[in-house]
Each structure stands twice: as C-alpha cells, then as structure tokens.
2 protein chains.
Amino acid sequence: MEIFIESIGKLINEFSKLPGVGKKTAQRYAYKIIDMTPSEANAFAEAILGVKRKVRYCKVCGNFTEEDTCGICKTRDKSVICVVKEPKDVAAIEKLHEFKGVYHVLHGTIDPMAGVGPNDIRIRELLARLQENEVKEVIVATNPDVSGDATALYLARLIKPLGVTVTRLAHGIPIGSEIEYTDDVTLTRAFVERNRI
Amino acid sequence: MEIFIESIGKLINEFSKLPGVGKKTAQRYAYKIIDMTPSEANAFAEAILGVKRKVRYCKVCGNFTEEDTCGICKTRDKSVICVVKEPKDVAAIEKLHEFKGVYHVLHGTIDPMAGVGPNDIRIRELLARLQENEVKEVIVATNPDVSGDATALYLARLIKPLGVTVTRLAHGIPIGSEIEYTDDVTLTRAFVERNRI
C-alpha cells in the first residue's frame, strides 16, 4: 500500500519538481497546504495559474511583463542598456535601486558546447535597439563564466564599432570576504583587473 | 517601483507562506513555475485544489483519507492501536513497513499551558474504539516532550484499568550516533530505560 493517499501523493510529487526540494521538504509543504483554509489554498493555486496566464516577455527588452512593453522600458533612461542573461538577473540588479537605465535580456549566453550560437540569443534585437535609440553605453552583466565571458567579448567586438561604449561589471574579491579564502580564479582576476588608488 | 510585476510578486508571496521558505527561495520557486509549460502549471495548481477538495479525516482513526474510512482501518489488524499526535506521524511510521496494526490520531497532545485539555483531543473517540473492538495493546507514539509524555501517562491511567496493555515507544540513544554527543536529557532517559542483555 502507498504511504500517502492519492491526492496527497500527487501534491508531494508536484512540490518535488521545485528546485532543491526533496521528498521530505515536499511532504512538509503538502501538509502546510492541507492545513490551509480552502480560500488560502485557492489563492495559492490561482497565483500559479495567474503567472502562466499573465506573464510574457517585454517586446523591447525581453524581461517579464504583463503588458506589451515592461514598466522599465516605458519610464527609464534609454541611453544606457544593461545586458543580462535571464530575467532573474534583472530582478537581482533592480533590488539595488542603483541602475537607472534600461535592460536587454539575452535569454541565454553563447555556449558552443551546448549548441547555443549568437543567433540563438537576443543579440539581433539588441543591435536593432542600438540603431533605433541614441545609446551611450552598453553594460554587459553576463555571469563571470566561460559562456558569459565569451558573450561579453562577442558583444564588445560587435558594438564598439558603432561608437557605443561597452563596459562589463567588475570582477574581484567580494566585499566582506578575505583574500586567504578567495578562490584562485577570482583572486587572479582581481589582480588582472586591479585599479589605481 | 516594485521589483516584480504583480502576478510574479503574488506567487512569490504565496510560496513564502510555506514552512522554512524565505523570499529568495520563494523567488526560485516562482521562476520554476514561469518556466513550466501551461499544462505542467495547471497540474500543479490542480494538485493543490485536489488536496483541499478530497482530503478529509477517517471517521475511525482520524488519519487523512479520501473516503469515509481510511485504507488502514479497512484492512489491518484492529487488535493493536498505535496512538499518534498528528497524521504526519502515521506517514513516518508507515514508511517502516513494520507496524501491522491500526492507528488513532489524537490531533494534538495535552498541553495545559496552551489551553489544550484531554477533551480537546480525540481521547473520547479512542475509548469508544476500545469498547467496540477487542483490543490487546495500545502503543502510545506521542513525541518525547512534556506534552507528549503527559498525554502518554494520562492515556495509560485511563486505559490500563480496561485490561488493555499500554506501551510506549522506546527512547534512548539514536542508532549510529555516539554517547559522547548524545544530549543530556536523552542520555539520562537511556539510563532510566536501560534493558537487560
């Protein structure tokens, strides 16, 4: 006999699909749902369905939006574009309340090993934006890994000839950490990208 | 401006209600839902609604069921009853595939500090079962804390006069752990409940 009745087993199975959630955690989540009032559980299910129904990509920047164009593209300084790999990177940067420009979400980075070339990500759309708007600077904020580095280099070669400044986020020792415990790759990068004081 | 658009913000908020889930984890879960196909997301929402629609308590033992009487009460040896605090304890014991009897879920334990007395949990229902069926043994499997201990003692006093054996799960050093690292309360209990070899 199954340990869980069918409906509970199904819900545990669904929760197990979430990233980093094992059987045990999925069980805890399922028990929480069982303990909810019907209207609380309804709101939860409705939130899941609502996201699938309403969320789409901004036709300008590729970020999540519920309209044609996202709120950032509508209201902010279009002369600086920050290029990121995924919509979740936009959220991470927006949290800082520091950047006042607009974004461009590539939906991937160049990765020949995985069969992802320049035409498979939203580079064409980025070039079109550079032609349409007066852009002063493109900040490449791809991840500091092989694929992110390759994409940054590729974009720089493509965009610099257009007379647009291309910059990349600084890499180095994280604030609050210690040199002794910084990994070799990061430490080497910190040397290479050292700044005058 | 909000960092997340409304529908995503709502979903993050719902996921944050799950036990042990902070904003960051809730975000990861929400992104996973966004990445799902509509039919996958539908199945997830449906699993949540299904649990609320179908799950109720077994009228005999108080465990979760989708029918009037649960599968365990219908098919198993009624002469041994294992008394637990909550339905999730039934799942934990069933996982062992060791216990062949039936359960009785109290839905709480006696806790005067929290205003929970013997009449607030399903003790009356347990006594009724002892009168209706030929029960040989009641195994009290409440947690080894003040409230669980008090409930076990209360049940023993009530049930023993009926000529039914009352036992409690053994407490002591967990298998695989070391005496040096066993907490004082557990170690003391292991001494008190020591067995002849």
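Nothing here was measured: the structure is a model prediction, and the numbers come from that model.

A. Structural detail: the overall build of chain A. For chain A, the count of helices and strands is eight helices and six strands. Secondary structure elements of chain A occur, N-terminal to C-terminal, as α-α-α-β-β-α-β-α-β-α-β-α-β-α. Taken over C-alpha atoms, the radius of gyration comes to 22 Å for chain A, far larger than the 16 Å a tight globule of 197 residues would show. With respect to the three principal axes, the spread of C-alpha positions in chain A is 65 × 50 × 35 Å. Here chain A, with 197 residues, has 42% of them falling under the buried criterion. When contacts within chain A are restricted to residue pairs at least 6 apart in sequence, long-range pairs at least 24 apart make up 45% of them. Treating the 28 positive side-chain charges of chain A as one cloud and the 27 negative ones as another, the clouds have centres 3 Å apart.

B. Structural view of the interface of chain A and chain B. Residue-level contacts link 52 residues of chain A with 52 residues of chain B. Buried area between chain A and chain B, summed over both chains or domains, comes out near 4,700 Å², and the portion from carbon and sulfur atoms is 74%. In terms of surface lost to chain B, no three residues of chain A exceed A:Ile3, A:Ile48 and A:Lys52, which account for 13% of the buried area on that side. There are zero salt bridges connecting chain A and chain B.

C. Spatial organisation of the sheet that holds strand β4 (residues 101-105) of chain B. Residues and elements named next belong to chain B. Read across the open sheet, the four strands follow the order β4-β3-β5-β6; overall the sheet is parallel. The sheet is open, and its two borders are formed by β4 and β6 (165-168), each paired with just one other strand. The mean angle between the axes of side-by-side strands here comes to 25°, regardless of whether they run parallel or antiparallel. Of the strands in this sheet, β3 (77-84), β4 and β5 (137-140) are in contact with helix α6 (residues 123-132), which crosses β4 at around 150°.

About the criteria used
Residues numbered from 1 in each chain as written. Chains lettered and ligands numbered in written order. Predicted model: local features only at pLDDT ≥ 70, side-chain atom pairs only at ≥ 80, totals over all residues. Heavy atoms only, no water. Helix = DSSP H or I, 4+ residues; strand = E, 2+ residues; numbered from the N terminus. Rg over C-alpha atoms; globule rule 2.2 N^0.38 Å. Buried < 20%, exposed > 50% of the residue type's maximum accessible area, 1.4 Å probe, protein only. Contact = heavy atoms within 4.5 Å. Lys, Arg positive; Asp, Glu negative; His and termini not counted. Charge placed at Lys NZ, Arg CZ, Asp CG, Glu CD. Buried area = accessible area lost by both parts, 1.4 Å probe. Salt bridge = Lys/Arg side-chain N within 4 Å of Asp/Glu carboxyl O. Pairing = 2+ DSSP bridges. Axes fitted to C-alpha atoms, helices over the stretch in contact; angles between N-to-C directions.

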